[in-house]
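Each chain is listed here by its residues.
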Amino acid sequence: MAWVLLVVAGLLEVAWSIGMKYTDGFTRLWPSLATGAGIVASMLLLSYSAKSLPIGTAYGVWVGIGAAGAAVLGMAVLGEPATPARIFFVALLLVSVVGLKMTSGH
C-alpha cells in the first residue's frame, strides 16, 4: 500500500508543479488553490508512505516521478523543447526510480 500511495504522491507532485505554471506567481486564485491543495496532498501521501519505506527511497522515487512527469508534460503540453538529450535524461530518471524501487527491500 505504501508504494501505491507513493506513486499517487508523485503524480500529485507532477500536477502541482505543472499547476504552478498557471498560478502566475500565485496571483490567480483558483489555480493557486488547486496547486496548494496538490502540494499538501502530495506531501501527506509522501509522509504516510515514508512510515514504512526508507525515506531515501521514498523521497527519491517521489522526486523522480515528479521531475520526469513535469518534464514530459512540459514537452507534451507546454511546448518545451523535446530534444533527444532531454528525452534521454528523462529516461535516466525513470530508470533511477525503478532502480530505487527494486533495491529498497520492500
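By convention here, each chain's residues receive numbers from 1 onward along its written sequence. The predicted nature of this model means local features are confined to residues of pLDDT at least 70 and side-chain atom pairs, given and counted, to a pLDDT of 80 or more, with totals for whole chains, interfaces and linings taken over all residues. As a rule here, side-chain values come from all non-hydrogen atoms in the structure, and water together with hydrogens is ignored.

### Focus on the nonpolar core
Phase 1 of the analysis: Residues belong to one nonpolar core when they are buried, are Ala, Val, Leu, Ile, Met, Phe, Trp, Tyr or Cys, and are joined through side-chain atoms within 4.5 Å. Exposure categories follow from relative accessible area, calculated using a 1.4 Å probe and restricted to protein chains: below 20% of the type maximum is buried, above 50% is exposed, and the middle band is partly exposed. Counting residues in hydrophobic clusters, the biggest one holds 13 residues, and the most contacted among them are Leu6, Leu46, Leu53 and Val61.
Phase 2 of the analysis: For the purposes of this entry, the term helix denotes a DSSP run of H or I that reaches at least four residues, the term strand denotes a run of E that reaches at least two, and both are numbered from the N terminus. Top contributing element to this core by residue count: helix 1 (residues 2–22), with six residues.
Phase 3 of the analysis: Every residue in contact with valine 61, bar those within four places of it in the chain, is listed here: Trp3, Leu6, Val97 and Leu100. Whether two residues are in contact is decided by their heavy atoms, any of which lying within 4.5 Å being enough.

### Side note on the environment of tryptophan 16
Phase 1 of the analysis: Within the fold, tryptophan 16 resides in helix 1.
Phase 2 of the analysis: For the pair tryptophan 16 and lysine 51, spaced 35 residues apart in the sequence, the C-alpha separation amounts to 23 Å.
Phase 3 of the analysis: Excluding its chain neighbours within four sequence positions, the residues that come into contact with tryptophan 16 are Thr35, Gly38, Ile39 and Ser42.

### Some points on the environment of glycine 64
Phase 1 of the analysis: Locating glycine 64 in the fold gives a position in helix 3 (residues 55–76).
Phase 2 of the analysis: According to the relative accessible area criterion, glycine 64 is buried, its value standing at 4%.
Phase 3 of the analysis: When the C-alpha positions of glycine 64 and glycine 25 are compared, they lie 24 Å apart, and in sequence the two are 39 residues distant.

### Some words on the confidence of the model for the protein chain
Close inspection of predicted coordinates is inappropriate in any region flagged by low pLDDT.
Phase 1 of the analysis: Confidence in the prediction for the protein chain averages 96 pLDDT; 100% of positions are at 70 or higher.
Phase 2 of the analysis: For every residue, the predictor assigns a confidence score, pLDDT, that lies between 0 and 100. Within the protein chain, no element has a lower average pLDDT than helix 4 (residues 84–102), which sits at 95, and none a higher one than helix 2 (residues 29–49), at 98.

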